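Breakdown of the fold
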Amino acid sequence: MDLTYTAEQQAFRAEVRAWLAAHVPSEPLEHYDATREGFEAHRQWEKTLKSGDWGMVTWPVEYGGRGLDLIQWLIFEEEYYRAGAPGRVNQNGIFLLGPTLIEFGTHEQKQRFLPKMASGEEIWAQAWSEPQAGSDLAGVRATCVQDGDDYVLSGHKIWSSRAVFADWAFGLFRTPGTERHKGLSLIFFPLDAPGVTVNAIKKINGHVGFAEIFLENVRVPAFNRLGDEGQGWHICMATAGFERGLMLRSPARYQVATAKLAQLWEAHKDNADPALEADVVRAHMNADAYALNIYQTASRLMAGAKIGPEASTNKIFWSELDIHLMQTALSILGPIAELRQEAPDASPVDWIDDYIFALAGPIYAGSNEIQRNIIAERMLGLPR
Amino acid sequence: MDFTLSEEQLMFADTARTLFADSCTPDHWRKMMEAGVARDDARWASIVETGLTLVLLPESAGGIGLSETDFALIAQEAGYVALPEPLVESAGVAAPMLAALAPDHAVLADPLATIAIAHPLNPFVANADSAAAILLEKDGEAFLATPDQVTLTAQPSIDPFRRLFSVEWDAANATALGTADWDLALGRAALFNAAMGLGLAQRAVDLAVDYAKERQQFGKPIGSYQAVKHHLATAQVAIEFAKPVVAAAAAEIAACDVQARARVSHAKLVALEAADKAARASIQVHGAMGYSWEVDVHLFLKRALALTQAWGTPTFHRARIAARIFSQPMGPDQTFARESENA
């Protein structure tokens, strides 16, 4: 137990801070889900990041990373959010698929996909859910049929984040004749391949942040299958573990928001309900507890542990703390909370947009109801 | 930066767990309640024999001189069995305070002795009647008296194993020990109460899980229903996010700065909230059985209730966190920052 940074870790923080100070765009980029221009501006930012070798610091050097440890990754993330750097348009790739590829991919697959992922040259979308396979993901119906050295993919995917503008997707497909968790495979396909149709779906905030994907006899090389045929469910659960347990939502995101919330409270407290201070304190406690939990998880993983079902507790905790934090801000703002940023009286931080975004948290990456089932069944041992 | 516990730390916690699991079962409490006693001398003797009372005591006072991290793990195990004896207040708070003031005091040399503490923040003193000595406060100074040198008035608690007393005393009948660190005593007590809260919470969940696996309704174990699962999963989430706060508070308490005080307060708030949430969920999952005296959950509920308000109310502890928020820099690089670095 040693909760201090080493001299090397402090030096690393200084290095990250200096680089970001020199490179982070002074004006915020248009959101990557709003328009093609916003998306491409974020791709450009990923390339800038890669020029400083900051694409994905935890990956091995030979695959486009820096070979750093998880504590260094947390420090990087802290500085990244502290600097107000652009959102990671390739988060499906670098935070979800990347770690899974490193665990399950062949050397050739890693060489082929990881460096271009780290550089933003190829941006990824996730294609797991289907109209009839949401929380019950094992109900996937889209099929993969091996034909020589290729797979032929067919089916209907939906709620694919980033798929409107992204280059590649990783999807879950079924070998015909198989059922439930057995017979699923994780296969990559280019979103511009012949037979792929992508239809944007507008989110409640007006952005085209997700899409449905139709696949009609889409031919991809068998090389694009991660792991063995039929191993897809196992691999997806590992991916979901990374997603929920560690990488999807950096604590730094909430710590920055909490710091802004404290400033908002100081600026408005004379006109706000004094009882709201307890919520500001609570928001700080939540963000702090989440950060400590992630440091603990990182330490455990570095000592050789694996992420398990406790990852589901994280997903519930950050999604609920996010909503509470944003709700507190709206309560402090009172009647001006509903104003958009462009309105003359609006707060400099777009709390209402962040609140609307936070409402998605309990749904994506596996609904919180499913997470509670996982906790109850796999952590506590309750019967199915 | 390393958030993992050492083998030795885990070993001590293991020793405590085994000892308590054998000697502090609900059957043991039931017998004590029937007999109207709050201390089992045989159990206390084995606690002393195992060295658990010496963990936080400095070597200069005959102790082992380990850290708050080590003792917090023991306190968590004490919470898991709702230990009746005052291990935490005596060996975790009062004895280290006395050792800092008078390391050679005879009370510290008596292995079986317990020490009670009358902190200015608490209106009552727990287990004052069975203590060999009571630490008392006047204008920041510490005094020591035996129970027969003071007037004790019993203040029955809803928790049958918390024997509370109001204390009237006269400095003329007590030994003056000089200025004491009452803030550190409060911090340790809040921290170890938080650690006990983790244990109380986990036990309440575990009892409910055992029951929900057995109890059948509509032809299935009730634990297979989502409504039941979700109560317990929600309580487990609260536990999982209190654990690292308690661990960090234990690791940082010695810094004695505004961040350390906020962490300790945070730990006490969330660990006892988790205990309350878990105990109430457990009662709900047990249904009418959960509301009966016969089922053990209510003991954990009552202990959590008592510890929530003792050693600083939630309002008191929230104010200490607010002091950190509004006096120190905020942000993701501040998780482990110290007041001295920001000065």
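Residues numbered from 1 in each chain as written. Chains lettered and ligands numbered in written order. Predicted model: local features only at pLDDT ≥ 70, side-chain atom pairs only at ≥ 80, totals over all residues. Heavy atoms only, no water.

What about the overall build of chain B?
Tallying secondary structure elements over chain B gives twelve helices and nine strands in all. Taken over the C-alpha trace, chain B has a radius of gyration of 20 Å; the compact-globule value for 343 residues is 20 Å, and the two agree within 12%. If one aligns the C-alpha atoms of chain B with their principal axes, the spans along those axes are about 70 × 55 × 35 Å. Relative to its full complement of 343 residues, chain B shows a buried share of 59%. Sequence-distant contacts in chain B: of pairs separated by 6 or more residues, those separated by 24 or more amount to 70%. Put simply, chain B shows about 13400 Å² of open surface, and 54% of that area lies on carbon and sulfur atoms. Within chain B, the 41 negative side-chain charges are centred at a point lying 10 Å from the centre of the 26 positive side-chain charges. (Helix = DSSP H or I, 4+ residues; strand = E, 2+ residues; numbered from the N terminus. Rg over C-alpha atoms; globule rule 2.2 N^0.38 Å. Buried < 20%, exposed > 50% of the residue type's maximum accessible area, 1.4 Å probe, protein only. Contact = heavy atoms within 4.5 Å. Areas by Shrake-Rupley, 256 points an atom, 1.4 Å probe, with all protein chains shown as cover. Lys, Arg positive; Asp, Glu negative; His and termini not counted. Charge placed at Lys NZ, Arg CZ, Asp CG, Glu CD.)

Focus: the sheet that holds strand S6 (residues 164-168) of chain B
Strand pairing in a sheet relies on backbone hydrogen bonds. The paired strands run either parallel or antiparallel. Residue and element names in this part refer to chain B. Reading across from one edge, S2-S6-S5 is the order of the three strands in this open sheet, with antiparallel pairing throughout. Looking at which strands have only one partner, the edges of the open sheet turn out to be strand S2 (125-126) and strand S5 (151-154). Where S5 and S6 come together, four bridges link them in antiparallel fashion. If you follow Leu152 over to S6, its bridge partner there is Val167. (Pairing = 2+ DSSP bridges.)

Observations regarding the environment of Pro115(A)
Residue and element names in this part refer to chain A. Topologically, Pro115 is positioned in helix H5 (residues 107-118). Between the alpha carbons of Pro115 and Tyr80 there is a distance of 21 Å; along the sequence they are 35 residues apart. With near-sequence residues (within four places) excluded, Pro115 lies in contact with Tyr63, Gly64 and Lys110.

Details of the interface of chain A and chain B
Contacts between the two partners involve 55 residues from chain A, matched on the other side by 45 residues from chain B. Summing both partners gives a buried area of about 4500 Å² for chain A against chain B, and 70% of it is carried by carbon and sulfur. Our count for the chain A to chain B interface comes out at five salt bridges. In this structure, Arg82(A) engages Asp333(B) in a salt bridge whose closest nitrogen and oxygen atoms are separated by 3.2 Å. The set of elements that each furnish at least two residues to the side of chain A that touches chain B consists of helix H1 (7-23), helix H3 (70-82), helix H7 (251-268), helix H8 (276-302), helix H9 (311-333) and helix H11 (368-379) of chain A. Take the side of chain A that touches chain B: its biggest share by element is 17 residues, from H8(A). Each residue belonging to the side of chain A that touches chain B can be placed in one class, and the counts come to 27 nonpolar, 13 polar and 15 charged. (Buried area = accessible area lost by both parts, 1.4 Å probe. Salt bridge = Lys/Arg side-chain N within 4 Å of Asp/Glu carboxyl O. Nonpolar A, V, L, I, M, F, W, Y, C, P; charged D, E, K, R; others polar.)

Comments concerning the sheet that holds strand S4 (residues 141-145) of chain B
Residues and elements named next belong to chain B. Strands sit in the order S1-S3-S4-S7 across an open sheet of four strands; the sheet is mixed. Of all strands in the sheet, those with a lone pairing partner are strand S1 (115-117) and strand S7 (175-179), marking the two edges. Between one strand axis and the next, the sheet turns through 25° on average, direction left out of account. Pairing between S1 and strand S3 (residues 133-138): three bridges, direction parallel. When the sheet's bridge partners are listed, Ile117 is paired in S3 with Leu135. (Axes fitted to C-alpha atoms, helices over the stretch in contact; angles between N-to-C directions.)

Remarks on the packing of aromatic side chains
Residues and elements named next belong to chain A. All told, the structure shown has 31 aromatic pairs over all chains when counted by the stated rule. Measuring from centroid to centroid gives 6.4 Å for Tyr5 and Tyr295, while their planes differ by 65°, and the two rings are edge-to-face. Residue Tyr5 is located in the segment before H1, and its partner Tyr295 is located in helix H8; the two are separated by 290 residues in the primary sequence. Note on Tyr5: relative accessible area 15%, which makes it buried. By relative accessible area, Tyr295 is classed as buried at 2%. Plain terms: the ring middles of Trp45 and Tyr80 are 6.4 Å apart, the flat faces sit at 45° to each other, and that makes the pair tilted. Within this pair, whereas Trp45 is found in helix H2 (residues 36-51), its partner Tyr80 is found in helix H3, the two being separated by 35 residues in sequence. Given a relative accessible area of 3%, Trp45 falls into the buried group. Among the aromatic side chains, those forming a connected cluster through ring pairs are Phe12, Trp19, Trp45, Trp54, Phe76, Tyr80 and Tyr81. Above the face of the Trp318 ring, Arg249 is positioned so that its terminal group lies 5.7 Å from the ring centre. (Phe/Tyr/Trp six-rings, centres within 6.5 Å; stacked < 30°, edge-to-face > 60°. Lys NZ or Arg CZ within 6 Å of the ring centre and 35° of its normal.)

Some thoughts on the packing of helix H1 (residues 7-23) of chain B against helix H3 (residues 41-50) of chain B
All names here are of chain B. Packing of H1 against H3 brings their axes to within 11 Å, and their N-to-C directions diverge by 165°. Regarding the angle of H1 to H3, the classification is roughly antiparallel. The two elements H1 and H3 cross, and the hand of that crossing is right-handed. Seen from H1, the contacting residues are Phe12, Thr15, Leu19, Phe20 and Ser23; seen from H3, they are Arg43, Ser46, Ile47 and Thr50. Taken together, the residues of the contact of H1 with H3 sort by class into four nonpolar, four polar and one charged. (Parallel < 35°, antiparallel > 145°, perpendicular 65-115°, else oblique. Left-handed = near helix turned anticlockwise from the far one by under 90°.)

Topic: H8(A)
Residues and elements named next belong to chain A. The end-to-end C-alpha distance of H8 is 39 Å, a good match for the 39 Å that 27 residues give at a rise of 1.5 Å each. Here H8 lies mainly inside the structure; 21 of its 27 residues are buried. Just downstream of H8 lies Gly304, where phi reads positive at about 105°. (Expected span 1.5 Å × (residues − 1).)

Here we look at the pattern of salt bridges
Residues and elements named next belong to chain A. Tallied over the entire structure, the rule returns 41 salt bridges over all chains. Its salt-bridge partner being Glu78, residue Arg13 comes within 2.7 Å of it at the nearest N-O pair. Taken together, the residues Arg13 in helix H1 and Glu78 in helix H3 connect sequence positions 65 residues apart. Here Arg13 and Glu78 have matching classes, each one buried. Across the salt bridge formed by Arg219 and Asp147, the nearest N and O atoms sit 2.7 Å from each other. With Arg219 in strand S7 (residues 210-221) and Asp147 in strand S2 (residues 143-147), this residue pair connects regions lying 72 residues apart in the sequence. A relative accessible area of 46% places Arg219 in the partly exposed class. Asp147 gets classed as partly exposed once you look at its relative accessible area, which sits at 38%.

Here we look at the state of the cysteines
Each disulfide is one covalent bond, formed between the sulfur atoms of two cysteines. For the structure shown, the criterion picks out zero disulfides over all chains. Of all cysteine sulfurs, the one in Cys236(A) lies closest to Cys144(A), which takes part in no disulfide; the gap is 12 Å. (Disulfide = S-S within 2.5 Å.)

What to know about unusual backbone geometry
Backbone geometry follows two general trends: most residues other than glycine have a negative phi, and most peptide bonds adopt the trans configuration. Positive phi values are uncommon outside glycine, yet Trp159(A) reaches one of about 60°. One can find Trp159(A) in strand S3 (residues 150-161). What makes Trp159(A) partly exposed here is its relative accessible area of 48%. Non-glycine residue Ala82(B) carries a positive phi angle of around 50°.

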